[in-house]
Amino acid sequence: MKLGAVIITMGNRPDELRALLDSVAKQDGDRIETVVVGNGAPVPDVPPGVRTVELPENLGIPGGRNVGIEAFGPSGADVDALLFLDDDGLLPLTDTAELCRQAFEEDPRLGIISFRIADPDTGVTQRRHVPRLRAADPMRSSRVTTFLGGANAVRTRVLAEVGGLPGDFFYAHEETDLAWRALDAGWMIDYRADMVLNHPTTAPSRHAVYHRMVARNRVWLARRNLPAPLVPVYLGVWLLLTLLRKPSGPALKAWFGGFREGWAKPCGPRRPMKWRTVWRLTRLGRPPVI
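Model, not experiment: these values are computed from the prediction.

Asker: What's the story with the overall build of the protein chain in this structure? I'm lost.
Answerer: Each helix and strand in the protein chain was counted, giving nine helices and eight strands. For 290 residues, the compact-globule estimate of 2.2 N^0.38 gives 19 Å, and the protein chain sits close to it at 18 Å. Along the first, second and third principal axes, the C-alpha set of the protein chain runs to 50 × 40 × 40 Å. Burial analysis of the protein chain (290 residues in total) assigns 52% to the buried set. Long-range pairs, those at least 24 residues apart, make up 76% of the contacts in the protein chain with a sequence separation of at least 6. Put simply, the protein chain shows about 12,900 Å² of open surface, and 56% of that area lies on carbon and sulfur atoms. Distance between charge centroids for the protein chain: 11 Å, based on 38 positive and 32 negative side chains.

See below:
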């Protein structure tokens with residue numbers, strides 16, 4: 001099984017990027033062809049053999065990753081699976097790529113693998129980095145219904161069948177959009193605790209657009225993918241959860257602005273999932289209303 005890797009960068013973490021590229025190069029097994037996408041910024045110096053693409057503007061996380069996918073041919077067809085890695089991450093173990101190959105080869109319906117993200121200093125995995133509701137034990141691998149955007153592997157047949165990431169999302173929830181489409185097409189997603197990406201502990205709210213994008217894209221996610229009766233239920237639950245978390249006044253204002261924007265602006269093609277997919281999500285522990 002031939003692997004590629006896609007890394008997007010804003011060019012502002014050259015040392016971390018170089019360390020990540022070195023960790024990819026040290027993986028056991030066949031060489032992983034790697035593409036670094038400069039998302040509206042020049043790409044720092046990279047080792048020989050690493051391909052680069054420099055975009056004139058920042059296309060956002062899904063847009064930049066989609067460019068990286070196409071660098072491997074239509075829907076990444078030149079390779080069997082692609083690793084998507086944050087540019088300030090690091091693969092601390094050398095067997096991660098081989099574990100990916102083994103997992104995909106042993107399970108022909110496995111479409112996506114979500115890695116465990118661990119802080120490099122403490123080894124702690126944040127609850128939000130475990131893509132399931134029962135997140136107390138990050139060391140337990142399991143089937144899941146979504147995945148982590150900057151630490152995963154995707155079989156390129158999935159991309160060819162259901163399409164890439166939703167570029168208009170720019171930031172937030174693009175992984176769940178792809179995950180739901182993949183599950184609806186019959187693919188499965190695994191969270192693997194033994195496949196680790198080291199990444200400094202950060203808060204997602206560090207991004208200035210966080211609250212607006214989270215709310216807008218949550219609406220788009222529902223409008224694009226859920227059966228009509230579930231759309232108000234899903235969004236009502238998330239509205240309630242947001243209020244219970246008691247965000248600050250400016251954060252709540254941004255959230256409601258994004259929520260309105262999600263209804264006012266086009267969300268892209270609507271392809272509601274089958275009811276049997278709703279049941280599959282429910283059996284996996286995360287019904288698509290939360």
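Asker: Hey, could you run me through the sheet that holds strand β2 (residues 33-38) in this one?
Answerer: Neighbouring strands of a sheet are bound in pairs by backbone hydrogen bonds; such pairs are parallel or else antiparallel. Taken together, eight strands build an open sheet; the order of strands is β3-β2-β1-β4-β7-β5-β8-β6 and the sheet is mixed. The open sheet has two edge strands with one neighbour each: β3 (51-54) and β6 (142-144). Strand-to-strand twist across the sheet, computed as the mean angle between neighbouring axes with direction ignored, equals 25 degrees. Across five bridges, strand β4 (residues 81-85) lies against strand β7 (residues 151-155) in antiparallel orientation. By the bridge assignment for β7, F84 is matched with N152. Strands in contact with helix α3 (residues 96-106) are β1 (3-9), β4, β5 (110-118), β7 and β8 (188-198); relative to β5, the strand with the most contacts, it is inclined by about 150 degrees.

Asker: What is the right way to read helix α2 (residues 60-70) from this model?
Answerer: Three or four residues apart is the spacing at which side chains of an α-helix point the same way, because the helix has 3.6 residues per turn. A large share of α2 lies buried, amounting to eight of its 11 residues. Considered for burial, the residues of α2 that qualify are G60, P62, G63, G64, R65, N66, G68 and I69. For α2, the secondary structure elements touched by its buried residues are β1, β2, β4, α4 (156-162) and α5 (174-184).

Asker: Just checking my understanding: could you explain empty space enclosed by the protein for this structure?
Answerer: Over the atoms a probe the size of a water molecule is rolled, and this reveals where empty space is left. Within this structure, the stated rule accounts for two cavities of 30 Å³ or more. Estimated volume of the largest cavity: approximately 50 Å³. Around the largest cavity, the lining residues are R65, I69, F84, F147, G149, N152, V154, L159, L165 and L178. Listed by contribution, the elements that provide at least two residues to the lining of the largest cavity are α2 and β7.

Asker: Teacher, can you tell me more about the pattern of salt bridges here?
Answerer: Between side chains of opposite charge, a pair can form as their charged atoms come close. Applying the stated rule across the entire model yields 15 salt bridges. Its salt-bridge partner being D87, residue R13 comes within 2.8 Å of it at the nearest N-O pair. One end of the pair, R13, is in the loop between β1 and α1 (14-25); the other, D87, is in the loop between β4 and α3, and 74 residues separate them in sequence. On the accessibility criterion, R13 (29% relative accessible area) is partly exposed.

Asker: What is the right way to read the packing of helix α6 (residues 210-225) against helix α7 (residues 230-244) from this model?
Answerer: Packed helices, taken two at a time, are described by their axes: the angle between them and the distance between them. α7 packs onto α6 with a crossing angle of 160 degrees between their chain directions and a minimal axis gap of 9 Å. Considered as vectors, α6 and α7 are oriented roughly antiparallel to each other. Between α6 and α7 lies a crossing of right-handed hand. Every residue of α7 that contacts α6 at R218, V219, L221 and A222 is listed here: V231, Y234, L235 and W238. For the contact of α6 with α7, the class distribution of residues is seven nonpolar, no polar and one charged.

Asker: Before we go on, may I ask you to explain the pairing of β5 in this structure?
Answerer: Every regular strand shows the same layout, with side chains that alternate between the two sheet faces. Counting buried residues in β5 gives nine out of nine residues, a clear majority hidden from the surface. Where β5 meets β8, eight bridges bridge the pair, whose relative direction is parallel. The residue bridging F115 from the neighbouring strand is R192, located in β8. Note: β5 against β7, three bridges, orientation antiparallel. Paired with I112 across the two strands is V154, which belongs to β7.

Asker: I keep staring at the packing of α5 against α6 and nothing clicks. Help me out?
Answerer: Viewed as axis vectors pointing N to C, α5 and α6 meet at an angle of 15 degrees, and their least axial separation amounts to 10 Å. With respect to each other, α5 and α6 are oriented roughly parallel. With respect to the hand of their crossing, α5 and α6 are arranged in right-handed fashion. From α5, T176, D177, W180 and R181 reach across to α6, where they touch L221, R224 and N225. For the contact of α5 with α6, a count of residues per class yields two nonpolar, two polar and three charged.

Asker: Teacher, can you tell me more about unusual backbone geometry here?
Answerer: Generally, phi is negative for residues other than glycine and the peptide bonds are trans, each holding for most cases. One non-glycine residue, H173, lies in the positive phi region at around 70 degrees. With phi around 50 degrees, K246 is a residue other than glycine that occupies positive phi space. When you line up the elements, K246 lands in the loop between α7 and α8 (249-264).

What counts, and where the lines are drawn
- Residues numbered from 1 in each chain as written.
- Predicted model: local features only at pLDDT ≥ 70, side-chain atom pairs only at ≥ 80, totals over all residues.
- Heavy atoms only, no water.
- Helix = DSSP H or I, 4+ residues; strand = E, 2+ residues; numbered from the N terminus.
- Rg over C-alpha atoms; globule rule 2.2 N^0.38 Å.
- Buried < 20%, exposed > 50% of the residue type's maximum accessible area, 1.4 Å probe, protein only.
- Contact = heavy atoms within 4.5 Å.
- Areas by Shrake-Rupley, 256 points an atom, 1.4 Å probe, with all protein chains shown as cover.
- Lys, Arg positive; Asp, Glu negative; His and termini not counted.
- Charge placed at Lys NZ, Arg CZ, Asp CG, Glu CD.
- Pairing = 2+ DSSP bridges.
- Axes fitted to C-alpha atoms, helices over the stretch in contact; angles between N-to-C directions.
- 1 Å grid on protein atoms, 1.4 Å probe; cavity = no way out; pocket = protein on both sides within 12 Å on 5 of 7 lines; lining within 4 Å.
- Points joined across faces, edges and corners; volume = space filled by probe spheres on them.
- Salt bridge = Lys/Arg side-chain N within 4 Å of Asp/Glu carboxyl O.
- Parallel < 35°, antiparallel > 145°, perpendicular 65-115°, else oblique.
- Left-handed = near helix turned anticlockwise from the far one by under 90°.
- Nonpolar A, V, L, I, M, F, W, Y, C, P; charged D, E, K, R; others polar.

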